[in-house]
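Each chain, letter by letter, is given below.
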Amino acid sequence: MNFVWTSVMLVGLGLLLVNNVDIAMNALLAGGSKAVTLALKLWGIYTLWLGILKIVEETGLDKKLTKLLRPVIRLLFGKTDDYTENQIAINITSNLLGMGNASTPSGMNAISGLDTKSSKYATSAMIMVIILNSTSLQLIPTTVIGLRVTAGSTSPTDIIIPTLIATIASTVAGVLLVKLFSKIFKDKP
């Protein structure tokens, strides 16, 4: 796949340089500048959310969230150890608050805790973490709102209702499919 991607990039760049060098160079320089600017904006947003998550852990609020979400966690993932349950709760809460990729570390820790090492394949519980992260059920899409604010949007919160509808639909569909396929293809050790 790397070969295909590299080939497409080189052919495209070659055609741009042959056809019009000025347009190609201006596009490359402007695109690079915009990419760095976006990366810095995202860095600020993620730094804020990771800091908040650290405060949640330090204050013990994560344990209270775990206790609150325990019925949902057990319904979706079955019985797990306390650490894994805690990481799942942080992950779900991060996604609900729209923290975007700031929820990734807890998701990775949750998957690691759910790994039984008895098979080379992912269990349905591990797949459920991936689905919940991918569909990212969000009550408030704060990261996207933050990006819209930094981009100068006049109404950055207009996306709340459409985002809520889309994430509810995708999360419900994803959870139902994982449950269905886990019944069909029972987790095998």
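In short, a report on the structure.

Conventions used here
Residues numbered from 1 in each chain as written. Predicted model: local features only at pLDDT ≥ 70, side-chain atom pairs only at ≥ 80, totals over all residues. Heavy atoms only, no water. Helix = DSSP H or I, 4+ residues; strand = E, 2+ residues; numbered from the N terminus. Buried < 20%, exposed > 50% of the residue type's maximum accessible area, 1.4 Å probe, protein only. Contact = heavy atoms within 4.5 Å. Axes fitted to C-alpha atoms, helices over the stretch in contact; angles between N-to-C directions. Parallel < 35°, antiparallel > 145°, perpendicular 65-115°, else oblique. Nonpolar A, V, L, I, M, F, W, Y, C, P; charged D, E, K, R; others polar. Left-handed = near helix turned anticlockwise from the far one by under 90°. Core = buried A, V, L, I, M, F, W, Y, C linked by side-chain atoms within 4.5 Å. Polar contact = N/O pair within 3.5 Å; in protein donor to acceptor, adjacent residues only side chain to side chain. Expected span 1.5 Å × (residues − 1). Salt bridge = Lys/Arg side-chain N within 4 Å of Asp/Glu carboxyl O.

You can see L132 is positioned in helix α6 (residues 124–135). What makes L132 buried here is its relative accessible area of 11%. Considered as a pair, L132 and S170 are 38 residues apart in the sequence and their alpha carbons are 9.3 Å apart. In this structure L132 touches L76, F77, I92, N95, L137, T171 and V175, once residues within four positions along its chain are discounted.

Where helix α1 (residues 2–19) meets helix α2 (residues 21–59), the axes come as close as 5 Å, and the angle between the chain directions of the two elements is 130°. On the basis of their axis angle, the class for α1 and α2 is oblique. Residue-level contacts link L13, L16, L17 and N19 of α1 to V21, A24, M25 and L28 of α2. Of the residues that constitute the contact of α1 with α2, the class distribution is seven nonpolar, one polar and no charged.

What follows is about the packing of α6 against helix α8 (residues 160–184). Running from N to C, α6 and α8 cross one another at 165°; their axes reach a closest spacing of 9 Å. Classified by the angle between their axes, α6 and α8 sit roughly antiparallel to one another. The way α6 lies across α8 gives a crossing that is right-handed. Between α6 and α8, the contacting residues are S124, I127, M128, I131, L132 and T135 on the first element and T167, S170, T171, G174, V175, V178, K179 and S182 on the second. For the contact of α6 with α8, a count of residues per class yields six nonpolar, seven polar and one charged.

Attention now moves to the nonpolar core. Counting 16 residues, the largest nonpolar core has I73, F77, I88, L114, M128 and L132 as the members making the most contacts within it. Of all the secondary structure elements, the ones that give two or more residues to this core are α3 (61–77), α4 (82–96), α5 (104–114), α6 and α8. Among the elements that line this core, the one with the most residues is α6, at five residues. When sequence neighbours within four positions are dropped, the list of residues in contact with I73 reads G78, E85, I88, A89 and I92. Counting six residues, the second-largest nonpolar core is a separate cluster that includes I45, W49, I90 and M99.

With that settled, consider unusual backbone geometry. The backbone phi angle of S136 is positive, close to 45°, even though this residue is not glycine. Inspection of the secondary structure assignment puts S136 in the loop between α6 and α7 (142–150).

Attention shifts here to the side chain of E85. Examined against the element boundaries, E85 turns out to sit in helix α4. Within the local environment of E85, its side chain forms a polar contact with the side chain of R74, the two groups lying 3.3 Å apart. Apart from residues no more than four positions distant in its own chain, E85 is found in contact with T66, R70, I73, R74 and T80.

Further remarks concern α6. For α6, spanning 12 residues, the distance from its first C-alpha to its last is 16 Å, which sits close to the expected 16 Å at 1.5 Å a residue. Where α6 is concerned, the buried positions are S124, A125, M126, M128, V129, L132 and T135. Trailing α6 by a residue or two, S136 shows a phi angle of about 45°, which is positive.

Note on placement: I130 falls in helix α6. Judged by relative accessible area, I130 falls into the partly exposed class, the value being 44%. With 23 residues separating them in the primary sequence, I130 and G107 have C-alpha atoms 7.7 Å apart.

The subject of this paragraph is the pattern of salt bridges. For the coordinates displayed, the defined rule picks out four salt bridges. Across the pair E85 and R70 runs a salt bridge, and its minimum N-O distance is 2.7 Å. Pair noted here: E85 is in helix α4 and R70 is in helix α3, with a separation of 15 residues, a long-range link. Assessed through its relative accessible area of 0%, E85 is described here as buried. Residue R70 is classed as partly exposed on the basis of its relative accessible area, which comes to 27%. Each of R70, R74 and E85 takes part in one network of salt bridges that share partners.

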